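# What the coordinates show
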Protein chains: 2
Amino acid sequence: MAKEKARDLRAGVALLWGEQDRPTRGPKPSLTPGRIAEAAVALADAEGLDAVSMSKVGAEFGVSAMALYRYVPGKAELVELMVESVLAEAPDLSTAGPGWRRQTVEWARCSERVHRAHPWLLAATAMRRQLMGPHQLGWLEAALTALAPTGLTAAQQHRVFVLVAGFVRTHVQQLVDFDEEHSREWGLLTAELLARHAERFPALTAALEAGAFAPETADPDAADSLRFGLDRILDGVQLLIDRGH
Amino acid sequence: MAKEKARDLRAGVALLWGEQDRPTRGPKPSLTPGRIAEAAVALADAEGLDAVSMSKVGAEFGVSAMALYRYVPGKAELVELMVESVLAEAPDLSTAGPGWRRQTVEWARCSERVHRAHPWLLAATAMRRQLMGPHQLGWLEAALTALAPTGLTAAQQHRVFVLVAGFVRTHVQQLVDFDEEHSREWGLLTAELLARHAERFPALTAALEAGAFAPETADPDAADSLRFGLDRILDGVQLLIDRGH
DNA sequence: CCCAAACTGTTTACGTCATCAGCAGTTGCT
DNA sequence: AGCAACTGCTGATGACGTAAACAGTTTGGG
């Protein structure tokens, strides 16, 4: 079983890096993993990740579900290809000018942009096994390049990267599953229940009265909440840099 | 459809708060939503969230899948109940002593502990619609209580909470899907490919050589990586507090 | 006191999904 | 020419969530 896993992994990595030998015999393949992934991405963009089934992707090419298995080992690998497809162009941080901080902010903005353009990306990267293809590594490369001048150790740089990337994820998560009507409805119902249990939740009641969850502030789009978290994090990182070890 | 949604939501909220009128007629119910949720939690703890199906949970009580629908509107609501069940006891931050920072760290530790005890919690809260029951609100209450003395505005406190809670999530995510053998295998394969494309990934190659991804540092358990991120974040928050607005 | 209403849990069925096994047709190397 | 390698297909399997209809049980209203 360990061997099976290893072979699966090897095949998956080869697929991600596009390093597989093309066969010469037999009918010409009508598809490629790349085109399949693109179709799946289009489908996910339009109808969500749940709508991405082998049948539906196949139908996009007028082909049965099983035909896809000639190009892709299984659905998990297809999702990995989708992620790679969407991360194709690594961010260009040079436009942000010099300075690790400006460039890191730019990296976060680019990441946010991709996630907002493809909301299923969050779920896709959450479910996947830890496998990074070349495009994903390109994003990591860009971030590490931005962090290089900080003088932090390699391990620290990596940790800062994880911190920032994780923050973008949670930030986008909130953007994505924010639903105006749903949220307001829940707010009303909960406010009522909260009032009935005010003694159990004094701080919460106070915050509610102070408007901490008022629509303007609850709507994550307002006031650029990416900046708030990012500024806190990068302030903290700056302190670490200044401290000099 | 809006009406349907609203009714669903109302029912869901009532379920979470345990505010539903018990019927008098008919056979005595043999189950309760709470007991069902507990069984589902046990199942998820043992075999993962994917193993939680209506059949299997029903089987835990020697009952068919459909029987559960007498207690729970559907699977989504069952998952919500599972989350509530696991968050039953809100964290006690007073043991950490005084000071917003110590208490916030303690909150994060408690949250980490729960997530590690129930690894499926991440996936469960990721998939759910934004619905918080009383126990989840209890955790929020605890955090806001800790943050109250900071002098930050209610909206800022809320944002700091989101920041910290999100960080714990991503941190635990890493802990959870870290797999020794899998990770090493991927590392080997990727290192090989990386070497072959070293010119495309100079920073990455340098970081690799500097040991940024060496097992000791790659293993997120080592060196308390919760502290690293949390310290950066809270340093940044401290600056915000000092700045006085 | 009795019966209809309310409630329980069951079986059956439907549609969807990923994936396995086997088949028929196509291509190109030897 | 013939065989091996390859394509895409059909059909089947077992899992899932849940809708519908039904049989059995309890109890309040008459």
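Values in this document were obtained by computation on a predicted structure and should not be read as measured data. (Residues numbered from 1 in each chain as written. Chains lettered and ligands numbered in written order. Predicted model: local features only at pLDDT ≥ 70, side-chain atom pairs only at ≥ 80, totals over all residues. Heavy atoms only, no water.)

### Structural notes on the packing of helix 2 (residues 33-47) of chain B against helix 4 (residues 75-86) of chain B
Residues and elements named next belong to chain B. One way to put it is that helix 2 packs onto helix 4 with a least axis distance of 8 Å and a crossing angle of 85°. In terms of orientation, helix 2 lies roughly perpendicular with respect to helix 4. Of the residues in helix 4, those in contact with P33, I36, A37, E38, A40, V41 and A44 of helix 2 are L78, L81, M82, S85 and V86. (Axes fitted to C-alpha atoms, helices over the stretch in contact; angles between N-to-C directions. Helix = DSSP H or I, 4+ residues; strand = E, 2+ residues; numbered from the N terminus. Parallel < 35°, antiparallel > 145°, perpendicular 65-115°, else oblique. Contact = heavy atoms within 4.5 Å.)

### Observations regarding the domain arrangement of chain A
Residue and element names in this part refer to chain A. Here chain A is described as being made up of domain 1 (2-86), domain 2 (94-178 + 220-243) and domain 3 (180-217). A C-alpha centroid distance of 28 Å is found between domain 1 and domain 2. On the domain 2 side, the residues contacting the 15 residues of domain 1 number 17 residues. Seen at the junction of domain 1 and domain 2, the total is zero salt bridges. Inspection of the domain 1/domain 2 interface yields five residue pairs in polar contact (both at pLDDT 80 or more). Elements that contribute at least two residues to the side of domain 1 that touches domain 2 include exactly helix 1 (2-16), helix 2 (33-47) and helix 4 (75-86). The leading source of residues in the side of domain 1 that touches domain 2 is helix 4, at seven residues. Considering only residue class, the side of domain 1 that touches domain 2 consists of 11 nonpolar, no polar and four charged. (Domains from an automatic or database assignment. Salt bridge = Lys/Arg side-chain N within 4 Å of Asp/Glu carboxyl O. Polar contact = N/O pair within 3.5 Å; in protein donor to acceptor, adjacent residues only side chain to side chain. Nonpolar A, V, L, I, M, F, W, Y, C, P; charged D, E, K, R; others polar.)

### What to know about the protein's contact with DNA strand C
A:Y69, B:S30, B:S64, B:R70 and B:Y71 are the nearest of the 25 residues found near DNA strand C. Sugar and phosphate atoms form 62% of the subset of DNA strand C atoms that lie within 4 Å of the protein. Take B:R25: an N or O atom from its side chain is 3.2 Å from a sugar or linking oxygen of DNA strand C. Split into classes, the residues belonging to the surface near DNA strand C amount to 12 nonpolar, seven polar and six charged. (Near = heavy atom within 4 Å.)

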